[in-house]
Amino acid sequence: MNGTLPSRARVVVVGGGIVGCSVAYHLAELGWTDVVLLEQGQLSCGTTWHAAGLVGQLRSTGSMTRLIRHSTELYARLERETGFGTGWKQCGSLGVARTAERMAQLRRTAAAARSFGVECELISVREAGELWPAMRTDDLVGAVWLPGDGKANPSDLTQALARGARRRGVQVLERVKVTGFSTLEGRVTEVRTTEGDIETEVVVNCAGQWAKAVGRLAGVTVPLHSAEHYYVVTDPIAGVHPDLPVLRDPDGYTYYKEEVGGLAVGGFEPDAKPWGMDGIPEPFEFQLLKEDWDQFAILMENAVHRVPALDDAGIRMFYNGPESFTPDNMFLLGEAPELRGFHVAAGFNSAGIASAGGAGMALAEWIVNGEPTRDLWAADLRRFAPWAGNDTWLHDRVKETLGLHYAMAWPDREPETARPLRRSPVHHLLRDAGARFGTAMGWERVNYFGPAVPYTFGHPAWQPFVDAEVRACREGAALFDQTSLSKFTLKGPDACEVLRWLCAAEVDVEPGRCVRTGMLNDRGGYESDLTVTRVARDEYLIVTGAAQGVRDFDVISRGIGGGRAVLVDVTGAHAVFGVMGPKSRELLSRVSRTDFSAFELGTSRTVDIGHATVRATRLTRVGELGWELYVPAEFAVTVYETLLAAGDVTQAGHHAIEAMRLEKGYRSWGRELGPDVTPAEAGLRSACRRDASFRGAGAAFGTPARRVVSIVLDDPAARLWGGETLLAGGVAVGHVTSAAHGPTLGRAVALGLVAAPAVDAAGNLVTDTVQVEVGDSLYSAEVGVKAPYDPTSSRVKA
């Protein structure tokens, strides 16, 4: 050990790779200097030292892209600040396409980059060849150029961050292994190590591929698994120089960067090789695994094809370094819902060098402020439940995850491995009826009923089946299995008081009333959007989206504090069936003795459905008359069969729900609503109480700089999927947040966020038209703050 272990530290960072050093650096930068970083070996000895060091800025969301841009800005200044070389070089990166489909993806990439503020240019094959002369180009159809991307030396970056942290007072100790944690009343209080114990308030688990094991010491789920990752470094090659851009050939699964006059050639094969099922051997410092040329063959064959000079180049080093991957190819960040004060930054999916700077900053801000300061949902640890820590499930999913780096980013692409896992009680009935399933929070969830069809960027072959489902719901009655919705009960004398603080709408209603409401953060942004049903004076049923169940449970639990209320997750105890459409009342009346004509919107009561007793709540997620039925799991099959047997009802899936949601302009959390979007921006002021007695009220109603708008394309042949850039007067003003084909409208329909000059200083939308950038084409569209579909009107408004 290179120092004295303190008996107490405000923060203990576990892991001395680039991520741990970045968290420590940023904590100190924010003024938290009572920090000790513990590394069981030496700094960077785990995964960081053998990383390829690629730093690409663009990610799937604007918030994640901004984190990577912070990394590039930090790395560019770090050497000047610390005096320690980092190897940072802004050499740019080049992505090439072999197929028309890949080129369509690159066009979407370029459009997204511009909306996120990243410099990006579509270039010709000839221009790509000029940037990378050693590359074969005769089979390419195009390329994209990002001049702000770069590369760095991972070990040197780590040392520079550690030096910067030390200079501000952080203690960095090597050869100290964490062996356990002490807790008190749900909060971490102590770190136990091989060198003694440290009393603490905050632990940050940055242990890389050891993070899952470290989390288990504290009872915290960290869903990641190691997989082998390969690259080779060649002898010098003619024409290869230090300023050569990073090259990515995703159709060949490969990447290339200059390394001491030669090339580092690696990639992400589609069928990966998980590692470490029996644990990571000790010690495992600055170590590699055995060469596996058979597994590497698909990468090497594609590399020689793309860069013919590799056929004669000598191989100086074969790197087989295990790295940790997560089930969805996005890293894990934030405070664990199981244990207060225990934070995680791990599972970087071979993108840790690019992500470390921004992720370290974001987590440090979260720790200092007590909550995230920006929208981090894409990386939030709470997007996974404890079941995701199953080693066998992780092993099987990671075989697919690694390859997702360079797989086609098809719209609505569904994972194929480690399924099915969670199933509705009526799954077999849905399957037998021809359902095509997607997955949400491990649940098998119906997308549509019909044959399996290929992915596409254009109009999918499943669209006619979804159109028919929508038509059935708009004109008759449709039946949806919505069992994947997360469901909680909150019970106790203070249940109402807790929810009145957390919820923006008035929830102090009579028993039997249902309210749709947002939960806000201190910045006035949406922490969630959910429905709250008061079933008794001291009890509420809370229903929220499948994906945010763990997150919402955590937010509500924190809101309870010392209040006299108990929150229980009852998701698995109840199926949910949506009965929607203008003939839904007739359908329910055929199977129940209840008078559904007396059922007002927003009311909830127990009813009989055939032989079963269930809770029925009149609400709609599609803009039509409808009810949600909450059915005890043991009655689910009976109730579903009873509804089908009543006749004149069409089974439908979530693609239909999404299309109808967008036609009606309903906002969805994680799309239009999020931690950075306020009710004023969302156009939902009227859904909030006007008093200041709920969380975030003081920031919820300020003049909005952005507005959520509905969008309808003029051209019925065009297709939107979400993420497209919106322009007004040739200037980018926002992006599409959700999109679908609107069967009722006959055109693409979407929601999006727009800002100036489409929004004036008073927060008003000042245009009724925009252009939508789809690939390299522009389509005109109408925009407005009102829904394009009004079911109470005799005509469809566009």
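Scroll up for the structure.
This structure is a prediction, so every number in the text was calculated from the model and none was measured. (Residues numbered from 1 in each chain as written. Predicted model: local features only at pLDDT ≥ 70, side-chain atom pairs only at ≥ 80, totals over all residues. Heavy atoms only, no water.)

*Asks:* How would you explain the overall build of the protein if you had to name every residue and give the values?
*Replies:* Helices and strands together make up the secondary structure of the protein, namely 18 helices and 37 strands. For the protein, the C-alpha radius of gyration of 27 Å lies close to 28 Å, the compact-globule estimate for 798 residues. Along the three orthogonal principal directions, the C-alpha set of the protein runs to about 80 × 65 × 55 Å. By residue count, 61% of the 798 residues in the protein fall in the buried class. Pairs at least 24 apart in sequence give 71% of the contacts found in the protein among residues at least 6 apart. (Helix = DSSP H or I, 4+ residues; strand = E, 2+ residues; numbered from the N terminus. Rg over C-alpha atoms; globule rule 2.2 N^0.38 Å. Buried < 20%, exposed > 50% of the residue type's maximum accessible area, 1.4 Å probe, protein only. Contact = heavy atoms within 4.5 Å.)

*Asks:* Explain the side chain of Asn-302 to me, using residue names and the numbers behind them.
*Replies:* Inspection of the secondary structure assignment puts Asn-302 in helix 7 (residues 293-306). Reaching out from Asn-302, the side chain makes a polar contact with the side chain of Arg-98 at a distance of 3.2 Å. In this structure the side chain of Asn-302 is engaged in a polar contact, spanning 2.8 Å, whose partner is the backbone oxygen of Ile-298. Once residues within four sequence positions are removed from consideration, Asn-302 is found in contact with Arg-98, Asp-251, Gly-252, Tyr-253, Thr-254 and Tyr-256. (Polar contact = N/O pair within 3.5 Å; in protein donor to acceptor, adjacent residues only side chain to side chain.)

*Asks:* Any chance you could break down the pairing of strand 12 (residues 225-234) for me, citing the residues and the numbers?
*Replies:* Across the 10 residues that make up strand 12, a large majority, 10, are buried. Side-chain alternation along strand 12 places His-225, Ala-227, His-229, Tyr-231 and Val-233 on one buried face and Ser-226, Glu-228, Tyr-230, Val-232 and Thr-234 on a second face that is also buried. In this sheet, strand 16 (residues 315-325) lies alongside strand 12 in antiparallel orientation, the contact comprising 10 bridges. Of the residues in strand 16, the one forming a bridge with Val-233 is Met-317. (Pairing = 2+ DSSP bridges.)

*Asks:* With reference to specific residues and values, describe the sheet that holds strand 37 (residues 777-784).
*Replies:* With antiparallel pairing, six strands are arranged side by side around a closed barrel as 32-35-34-33-36-37. Averaged over neighbouring strand pairs, the angle between their axes works out to 40° when direction is ignored. Together, strand 33 (725-728), strand 34 (731-742) and strand 36 (769-774) form the strand contacts of helix 3 (residues 100-115), whose direction differs from that of strand 33 by roughly 60°. Packed on one face of the sheet, helix 16 (residues 654-664) meets strand 34 and strand 35 (747-754) and runs near 130° to strand 34. (Axes fitted to C-alpha atoms, helices over the stretch in contact; angles between N-to-C directions.)

*Asks:* If you had to explain the packing of aromatic side chains to someone new, which residues and values would you point to?
*Replies:* A full pass over the atoms with the stated rule returns 26 aromatic pairs. On the numbers, 4.6 Å between centres and 10° between planes, the contact of Tyr-231 with Tyr-319 is stacked. Of this pair, Tyr-231 sits in strand 12 while Tyr-319 sits in strand 16, and the two are 88 residues apart along the sequence. Of the two residues, Tyr-231 and Tyr-319, both sit in the buried class. For the ring pair Phe-694 and Phe-701, a centre distance of 6.4 Å and an interplane angle of 80° mean the geometry is edge-to-face. Using a relative accessible area of 2% as the deciding quantity, one classes Phe-694 as buried. A network of ring pairs unites the aromatic residues Trp-49, Tyr-231, Phe-286 and Tyr-319 as a single cluster. Positioned above the aromatic ring of Trp-627, the side-chain terminus of Arg-618 is 5.9 Å from the ring centre. (Phe/Tyr/Trp six-rings, centres within 6.5 Å; stacked < 30°, edge-to-face > 60°. Lys NZ or Arg CZ within 6 Å of the ring centre and 35° of its normal.)

*Asks:* Provide a residue-level description of the side chain of His-225, including the pertinent values.
*Replies:* By the secondary structure assignment, His-225 is in strand 12. Under the relative-accessibility criterion, His-225 is labelled buried at 2%. The residues touching His-225, leaving out its near neighbours within four places in the chain, are Lys-212, Pro-274, Trp-275, Met-277, Glu-323, Ser-324, Phe-325, Asp-391, Leu-394, His-395 and Val-398.

*Asks:* Explain the sheet that holds strand 4 (residues 93-97) to me, using residue names and the numbers behind them.
*Replies:* Through backbone hydrogen bonds, the strands of a sheet pair up, either in parallel or in antiparallel fashion. Spatially, the eight strands line up as an open sheet ordered 5-6-4-13-14-15-12-16, and their pairing is mixed. The open sheet is flanked by strand 5 (121-123) and strand 16, the only strands paired with a single partner. Neighbouring strand axes in the sheet, compared pairwise and without regard to direction, differ in orientation by 25° on average. Helix 3 contacts strand 4, strand 5 and strand 6 (142-146) of the sheet and is inclined by roughly 145° relative to strand 4.

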